[in-house]
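Coordinate inspection notes
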Amino acid sequence: ELLRFSPGIEGEADTEKPLLEFWRTGGFAGMDDHLEIYPDGSVSLARKEFTTGFSLTGSELDALAALMEDSGFMACAPHYEAPPGSADLFIYQICWQGKTVIVEDTVIPAGLQEIIDALTSLVVENGPDDVIPPADN
């Protein structure tokens, strides 16, 4: 017997993919935030050692989708790099509708700034105020 198909085994194709993903890393404090927003409004947030979940309403999801559409996100370049020698910058990565854009502070296109502000607000409002770096063991 070389191959057997078995129903009921969860595979990657069976799991729901996020509607939108957002990462914010770097900065002086070494932030590491990851936000996943799913089509049903559920949200997963990870900030260094902290993880939580919360939900967005249908109208909040609609507003976020409108923001993404109006921003020109799909026309953005895949990467915007800060000038060499820049320090303590945040790096943002946004994945939406199969497209990924990575942007660094100081070179954020105007259309993306509003998206970054909205997603960062979700992180800040739903995560701890001060994320302490993990202790060295």
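Data block above holds the structure.
This is a predicted model, so every value here is computed, not measured.

Calculation criteria
Residues numbered from 1 in each chain as written. Predicted model: local features only at pLDDT ≥ 70, side-chain atom pairs only at ≥ 80, totals over all residues. Heavy atoms only, no water. Axes fitted to C-alpha atoms, helices over the stretch in contact; angles between N-to-C directions. Helix = DSSP H or I, 4+ residues; strand = E, 2+ residues; numbered from the N terminus. Parallel < 35°, antiparallel > 145°, perpendicular 65-115°, else oblique. Left-handed = near helix turned anticlockwise from the far one by under 90°. Contact = heavy atoms within 4.5 Å. Pairing = 2+ DSSP bridges. Buried < 20%, exposed > 50% of the residue type's maximum accessible area, 1.4 Å probe, protein only.

1. A few points about the packing of helix α1 (residues 58–71) against helix α2 (residues 110–126)
Contact geometry for α1 and α2: axes closest at 8 Å, N-to-C directions at 160 degrees. Classified by the angle between their axes, α1 and α2 sit roughly antiparallel to one another. Judged by the twist between their axes, the crossing of α1 over α2 is left-handed. Where α1 abuts α2, its residues Leu 64, Leu 67, Met 68 and Ser 71 lie against Gly 111, Glu 114, Ile 115, Ala 118 and Leu 119.

2. Focus on the sheet that holds strand β7 (residues 99–104)
Read across the open sheet, the 7 strands follow the order β4-β3-β2-β1-β6-β7-β5; overall the sheet is mixed. Across the chains shown, the open sheet's two edge strands, defined by having one partner strand only, are β4 (50–55) and β5 (79–80). Bridge count for strand β3 (residues 42–47) against β4 is 6 bridges, and the pairing is antiparallel. Considered in β4, the bridge of Arg 47 is made with Phe 50. Across the sheet, α1 is in contact with β1 (20–26), β2 (31–37), β4 and β6 (90–96); its angle to β6 comes to roughly 105 degrees.

3. Describing the environment of Leu 112
Positionally, Leu 112 belongs in helix α2. A relative accessible area of 0% means that Leu 112 is categorised as buried. In the structure, Leu 112 is positioned 45 residues away from Leu 67 in sequence and 9.4 Å away in space, judged by C-alpha atoms. With residues up to four places along the chain from it excluded, the contact list for Leu 112 reads Phe 73, Cys 76, Tyr 80 and Val 101.

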